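Here is what each chain is made of, one letter per residue.
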Amino acid sequence: MTRERITVIIAALAVVGMLRSAWAHLVAEPRHDFIRKPIDPRYDPIRPYLPASGVLGYVSDERIATGAPGSDLDALGSRLFDEAQYALAPLLLQYPDRGAPLVLANLREPSRFSELLQATGLIVVAHPSPEVALLRRR
Amino acid sequence: MILLALFAIAASGAGLVAAGIREPVADRIDRGLRIALAAALGIGAWSAAYAAARIAGASAAAKDGVLALFGALLWLSARRPRAEATPSASDPAPRYLWALFGAGCVIAAAAFVEHNRRFPDGGWDAWLIWNMRARFLARAPDLGTVFSPVLSYRAHADYPWLVPGAVAQAVVLAGRESLVSQTIAAAFGACALAIVPLALARLHGARWGLLGALAIVSVPAFAVFVSNQQSDVPLAVFVSAAAALVAIACARPGLPRGMLVLAGFAAGLGAWTKNEGLLYAACLAAGLLWRTKDARATAAFVAGIVPGAALLVAFKLTYAQPNDLAHFSTAATIAGHVFDPLRWAELAVRLLRRVVFFQAFALWLIAAVVAFAVWIRRFPGTPAGSALWLSMAALILVYVVQPLPLDWLVRTSADRLIMQLWPTAVLAALPALARTTART
């Protein structure tokens, strides 16, 4: 194998890689994949009601992975929880709720809000958007 | 404050490179390599110094002043060269390689922009781990909150924080988050695309440098990983910088110790970038000892690792939460996994799937396997090549013994491990291929 032949082979591999990149990133994905929503705007309405720091309890209408590795690593509720944690840092969100005075309610389906209130026995402090609310204990 | 921070990055990067490479600048390739190394090491040192200052309770501004002074003194003290300039090897590249490289850069840059548009908060692990950590660092005054046990294990409050530290500092200095993480990601991407090709060009000529650049920029996953704003590309930068400096040192008479200390420093920054970085640093040290049989040279490399490793140990002993892989493992699960042949077989199949994963790697991994099996046909005699094999063996063992579901872990981590090691693999493989042309 001469170095000229190696050069041609590597160049050909590069062309294949570039065509794949160009097709996937510049043609196929922009047409068929969706643009992810920025995470922060969902939580902007609740920010004025939150303390600057500390621990908030967390409740949701979606299941959340709680620790032990298993098949629920990709659970939808886990993503919702993690997104809320990212948006609201440096507040710490605690799940399962361990008695923090204030609790964040984060809903995938806003119509389940009253059901969630009934199940948890918490009281509404602020409910500035359908998906997110600040609650407290009775 | 912004100017002081920029000066601290530039001075520390330039000072470290000047102290490590005690030869006059030989040519444009050499100058380019030094600039790329200085940029990567400068950002790394800036972030590592920030972490040390926060753990020690010192102020960020004081830290930048000390770092700038340290870098300037290092640069001044190393101005007088100790060796003759070594010109870069000559093997001119055909023009079409330059054209292909230009096209590859344009496509990768466009993919970077497009991916950032579609993922405004970066890849999954960016907002879940790295950018979230940066937000905590920028917004919380105490590290107890940043690494609180209240955080979900998915936030990985045990990971080292070189990239979050750089992003957090830049956010505080800029007074906004917009585009900061993307800019730092792009800077590391540029370094990943510069260091290995320039080292190859320095050692083997422009042809091999450009082939190395093509082998990095045209991997479809490369631009995606750069735009993901995670720590895999920065880790690839530090590991490949260490391997490149080791390769250059091995090509010089007497294995220059300063260059090996600098290589170790780069590997240590890798350890402060991701947990895997410590493994790669250890494998590079083992590869260096194995292939050179020079304990003093290896000791110089290990001495360079010490600052990054010491920072990692200080963090792990103070604020880090337990690692999830260790936390959920028991002696029984480890033994059960090691002696389960089905698990080994399942892992082999799942890893083979990644080799032929055209969407992420096009034909590159298949080509690497074929090149090794057909042309190279022997284990590499270089420290970088040996370190790669050792790293892969260790990672396979980790996959087997770890407690998480194997299919899930391979699916979510194998590509990032490949990207962490790919530039170093290119650095190790192309000279081996070049040697086959000498044999035929």
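Starting afresh in each chain, residues are numbered from 1 along the sequence in its written order. Lettering for chains starts from A, numbering for ligands starts from 1, and both go in the order in which the items are written. Only residues with pLDDT of at least 70 get local features here, since the model is predicted, and only at 80 or more are side-chain atom pairs given and counted; chain-wide, interface and lining totals rely on the full set of residues. Side-chain measures here rest on the full set of heavy atoms in the structure, leaving out hydrogens and waters.

Focus on the pattern of salt bridges
Okay, step 1: Any Lys or Arg side-chain nitrogen found within 4 Å of a carboxyl oxygen on Asp or Glu counts as a salt bridge. By the definition in use, this model includes 29 salt bridges over all chains.
Okay, step 2: Among the salt bridges present, the one from Glu-4 of chain A reaches Arg-3 of chain A, with a minimum N-O distance of 3.3 Å.
Okay, step 3: For Arg-135 of chain B, the salt bridge identified is with Asp-40 of chain A, shortest N-O distance 2.6 Å. Remark: Asp-40 of chain A occurs in helix 2 (residues 40-43) and Arg-135 of chain B occurs in helix 5 (residues 124-139); the pair is interchain, linking two chains. Under the scheme used here, helices are H or I runs from DSSP no shorter than 4 residues and strands are E runs no shorter than 2 residues, and both carry numbers assigned from the N terminus.

Quick notes on the sheet that holds strand 2 (residues 92-94) of chain A
Residue and element names in this part refer to chain A.
Okay, step 1: DSSP bridges decide pairing: two strands pair if at least two such bridges lie between them. Strand order across the open sheet formed by 5 strands is 2-1-3-5-4, with mixed pairing between neighbours. Bordering the open sheet on either side are strand 2 and strand 4 (123-126), each of which pairs with just one other strand. Neighbour-to-neighbour, the strand axes of this sheet turn through a mean angle of 40°, independent of strand direction.
Okay, step 2: In this sheet, strand 5 (residues 132-136) lies alongside strand 4 in antiparallel orientation, the contact comprising 3 bridges. Comment: axis = line fitted to C-alpha atoms, over the contacting stretch for helices; angle = value between 0 and 180 degrees taken between N-to-C directions.

Looking at the interface of chain A and chain B
It is common to report an interface's size as the accessible area lost on association of the parts.
Okay, step 1: In this assembly, 55 residues from chain A lie in contact with 57 residues from chain B.
Okay, step 2: Together, the buried faces of chain A and chain B total about 5,000 Å²; carbon and sulfur atoms form 69% of this surface.
Okay, step 3: Taken together, chain A and chain B are joined by 5 salt bridges.
Okay, step 4: In protein, a polar contact requires one atom able to donate a hydrogen and another able to accept it; more generally it is a pair of N or O atoms within 3.5 Å, and residues adjacent in sequence count only if both atoms are side-chain atoms. Our count for the contact surface shared by chain A and chain B stands at 13 residue pairs in polar contact (both at pLDDT 80 or more). Pairs of residues are marked as contacts when any of their non-hydrogen atoms sit within 4.5 Å. Note on definitions: buried area is the accessible-area loss of two parts on being combined, 1.4 Å probe, summed for both.

A word on the layout of surface pockets
Okay, step 1: Estimates place the volume of the second largest pocket at around 1,300 Å³.
Okay, step 2: For the second largest pocket, the lining is made up of 43 residues, of which Leu-365, Ala-368, Val-369, Met-392 and Trp-422 of chain B are closest to its centre.
Okay, step 3: If you list the elements that add at least two residues to the lining of the second largest pocket, you get helix 1 (3-32) of chain A together with helix 9 (206-217), helix 17 (341-355), helix 19 (364-376), helix 20 (383-401) and helix 21 (406-439) of chain B.
Okay, step 4: Per element, the largest residue contribution to the lining of the second largest pocket is 12 residues, and it comes from helix 21 of chain B. A pocket, in this scheme, is an open set of points on a 1 Å grid over the protein atoms alone with protein on both sides within 12 Å along at least 5 of 7 lines, while a cavity is a set where a 1.4 Å probe fits but cannot get out; residues line either one if an atom lies within 4 Å of a point. Grid points are joined across faces, edges and corners, and a volume is the space filled by probe spheres set on the points.

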